[in-house]
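Now for the letters of each chain:
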Amino acid sequence: MYKENTTTSKFLRITHYLENGLLVTLLAAMIGLAVSQILLRNFFGSGITWATPLLGILVLWIGLAGSIVASRKKKHISINVLSHYLSKKTALLAEIAVEFFTAIVCSIITYHSIRFVASEYNENTIAFESIPAWICELIIPVAFAIISVRYFAHALESIKRLYTLSLNKSSNKSQNT
């Protein structure tokens with residue numbers, strides 16, 4: 001995955017470690033908090049007042065952090081019915097279209113989620129205790145921006161593969177004649 005020892009590959013390696021670390025940390029925090037809440041309620045008859053809203057926020061963060069990780073290698077859920085019946089070139093064109101569509105939709109979601117988080121900031125909405133809601137919701141525009149950039153990059157990589165495929169076909173035709 002990291003064949004070259006370039007600045008870009010080092011940056012990607014560090015980014016992937018940070019993403020994985022964030023996901024593991026969030027999951028461990030969520031499990032620890034949920035178990036603590038269960039134990040406190042069952043054995044002491046009370047719990048942490050802010051645990052339930054925080055668990056909901058952790059679910060949001062874990063879901064979006066997982067989506068960021070999945071977008072690295074295009075591992076999102078997809079329905080792939082037609083690619084088995086398409087030629088290699090046509091399947092690649094369809095893949096490019098889907099990647100651009102995904103990137104555009106994620107860009108739109110990024111824009112509107114920025115507006116949403118900004119409105120929460122301006123309204124001074126509180127998520128729980130004294131924690132502002134906008135801090136808890138900040139993952140939404142960040143995650144969709146990252147996913148959008150990644151899918152634009154995937155589309156460009158697919159275009160490069162299409163170009164290479166076209167070059168290989170034309171060189172094969174010229175060798176055969």
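Values in this document were obtained by computation on a predicted structure and should not be read as measured data.

1. Comments concerning the pattern of salt bridges
1) Next: As enumerated under the stated definition, the model contains five salt bridges in all.
2) Next: The partner of Arg161 in a salt bridge is Glu95, and the shortest N-O contact between them spans 2.7 Å. Highlighted residues: Arg161 in helix H5 (residues 139-176) and Glu95 in helix H3 (residues 88-123), separated in sequence by 66 residues.
3) Next: Residue class for Arg161 comes out partly exposed when judged on its relative accessible area of 42%.
4) Next: The network of salt bridges with common partners includes Lys74, Glu95, Glu99 and Arg161.

2. Quick notes on the nonpolar core
1) Next: Counting 10 residues, the largest nonpolar core consists of Leu64, Ile68, Ala103, Cys106, Ile139, Ile140, Ala143, Phe144, Ile147 and Tyr151.
2) Next: Contributions of two or more residues to this core are made by helix H2 (51-71), H3 and H5.
3) Next: Once residues lying within four places of it in the same chain are set aside, the contact partners of Ile68 are Glu19, Ala143, Ile146, Ile147 and Arg150.
4) Next: If you look at the next biggest cluster of nonpolar residues, it comprises eight residues, including Leu26, Met30, Leu55 and Leu58.

3. Let's talk about H3
1) Next: With 36 residues, H3 extends 52 Å between its outermost C-alpha atoms, agreeing within 8% with the 52 Å of an ideal straight helix rising 1.5 Å per residue.
2) Next: Just past H3, the residue Asn124 takes up positive phi, approximately 55°.

4. Description of a nonpolar patch on the surface
1) Next: Among the surface-exposed residues, Leu27, Ile31, Val35, Leu39, Phe43 and Phe44 lie close enough to one another that they form a single nonpolar patch of about 640 Å² accessible area.
2) Next: Within the secondary structure layout, Ile31 lies in helix H1 (residues 7-44).
3) Next: Judged by its relative accessible area of 48%, Ile31 falls in the partly exposed class.

5. Here we look at the environment of Ala127
1) Next: Summarising the element assignment, Ala127 is placed in strand E1 (residues 126-128).
2) Next: On the basis of relative accessible area, Ala127 is assigned to the partly exposed category, the value being 31%.
3) Next: In sequence terms Ala127 and Glu137 are 10 residues apart; their C-alpha atoms lie 9.3 Å from each other.
4) Next: Once you skip the residues sitting within four places of it in the chain, Ala127 turns out to touch Ile57, Pro132, Ala133 and Cys136.

6. With respect to the confidence of the model for the protein
Note that predicted coordinates carrying low pLDDT should not be read in detail.
1) Next: Mean pLDDT for the protein: 90, with 93% of residues reaching 70 or above.
2) Next: Across the protein, the element-wise mean pLDDT spans from 87 in H5 up to 97 in helix H4 (residues 133-137).

7. Let's talk about the packing of H1 against H2
1) Next: Two numbers describe how H1 lies on H2: the axes approach to 9 Å, and their chain directions differ by 155°. By the angle class used here, H1 and H2 are roughly antiparallel. As H1 packs across H2, the resulting crossing turns out to be left-handed. Across the interface between the two elements, Glu19, Asn20, Leu22, Leu23, Leu26, Leu27, Ala29, Met30, Leu33, Ala34, Gln37 and Arg41 of H1 pack against Ala51, Thr52, Leu54, Leu55, Leu58, Val59, Trp61, Ile62, Ala65, Gly66, Ile68 and Val69 of H2.
2) Next: Class assignment for the residues of the contact of H1 with H2 results in 18 nonpolar, four polar and two charged.

8. Concerning the side chain of Glu19
1) Next: When you line up the elements, Glu19 lands in helix H1.
2) Next: On the basis of relative accessibility, which here comes to 11%, the residue Glu19 falls in the buried class.
3) Next: Leave out the neighbours within four places in its chain, and Glu19 touches Ile68, Val69, Arg72 and Arg150.

9. Brief notes about H2
1) Next: Taking 1.5 Å as the rise per residue, H2 with 21 residues should run 30 Å; its terminal C-alpha atoms sit 30 Å apart, in good agreement.
2) Next: Among the residues making up H2, those that are buried are Ala51, Leu55, Ile57, Leu58, Ile62, Leu64, Ala65, Ser67, Ile68, Ala70 and Ser71.

10. Focus: unusual backbone geometry
1) Next: For Asn124, which is not a glycine, the phi torsion comes out positive at approximately 55°.
2) Next: Tracing the backbone shows Asn124 in the loop between H3 and E1.
3) Next: Within the chain, Glu129 stands out as a residue other than glycine whose phi angle is a positive 50°.
4) Next: Relative to the assigned elements, Glu129 resides in the loop between E1 and strand E2 (131-132).

What counts, and at which threshold
Numbers given to residues run from 1 along each chain, matching the order in which its sequence is written. Owing to the predicted nature of the model, reporting of local features is limited to residues with pLDDT of at least 70; listing and counting of side-chain atom pairs is limited to 80 or more, with chain, interface and lining totals taken over all residues. The basis for every side-chain value is the complete set of heavy atoms in the structure, and neither hydrogens nor water enter the calculation. By salt bridge we mean one thing: a side-chain nitrogen of Lys or Arg within 4 Å of a carboxyl oxygen of Asp or Glu. Here a strand is any run of E in DSSP of at least two residues, a helix any run of H or I of at least four, and the numbering for each starts at the N terminus. Each residue's exposure class comes from its accessible area (1.4 Å probe, protein chains only) as a fraction of the maximum for that residue type: buried when under 20%, exposed when over 50%, partly exposed otherwise. Throughout this description, the term nonpolar core refers to a set of buried Ala, Val, Leu, Ile, Met, Phe, Trp, Tyr and Cys residues connected via side-chain atoms within 4.5 Å. Residues are treated as being in contact if the distance between any of their heavy atoms lies within 4.5 Å. Multiplying 1.5 Å by the residue count of a helix minus one yields the expected span of that helix. The residues that make up patches have over 30% relative accessible area and no salt bridge, and they are joined within 9 Å when like-charged or within 5 Å when they are Val, Leu, Ile, Met, Phe, Trp or Tyr. Values of accessible area rely on a 1.4 Å probe in the Shrake-Rupley scheme; residue burial ignores everything except the protein chains shown. A residue's pLDDT is the confidence the predictor assigns to it, expressed on a 0 to 100 scale. To define axes, lines are fitted to C-alpha atoms, for helices over the stretch in contact only, and angles between the resulting N-to-C directions are given on a 0 to 180 degree scale. Any angle that falls under 35 degrees is termed roughly parallel, while one over 145 is termed roughly antiparallel, one within 65 to 115 roughly perpendicular, and all others oblique. Two helices crossing with the near one rotated counterclockwise from the far one by less than a right angle form a left-handed crossing, whereas a clockwise rotation gives a right-handed crossing. All amino acids are sorted into three groups, where Ala, Val, Leu, Ile, Met, Phe, Trp, Tyr, Cys and Pro are nonpolar, Asp, Glu, Lys and Arg are charged, and the leftover types, Gly among them, are polar.

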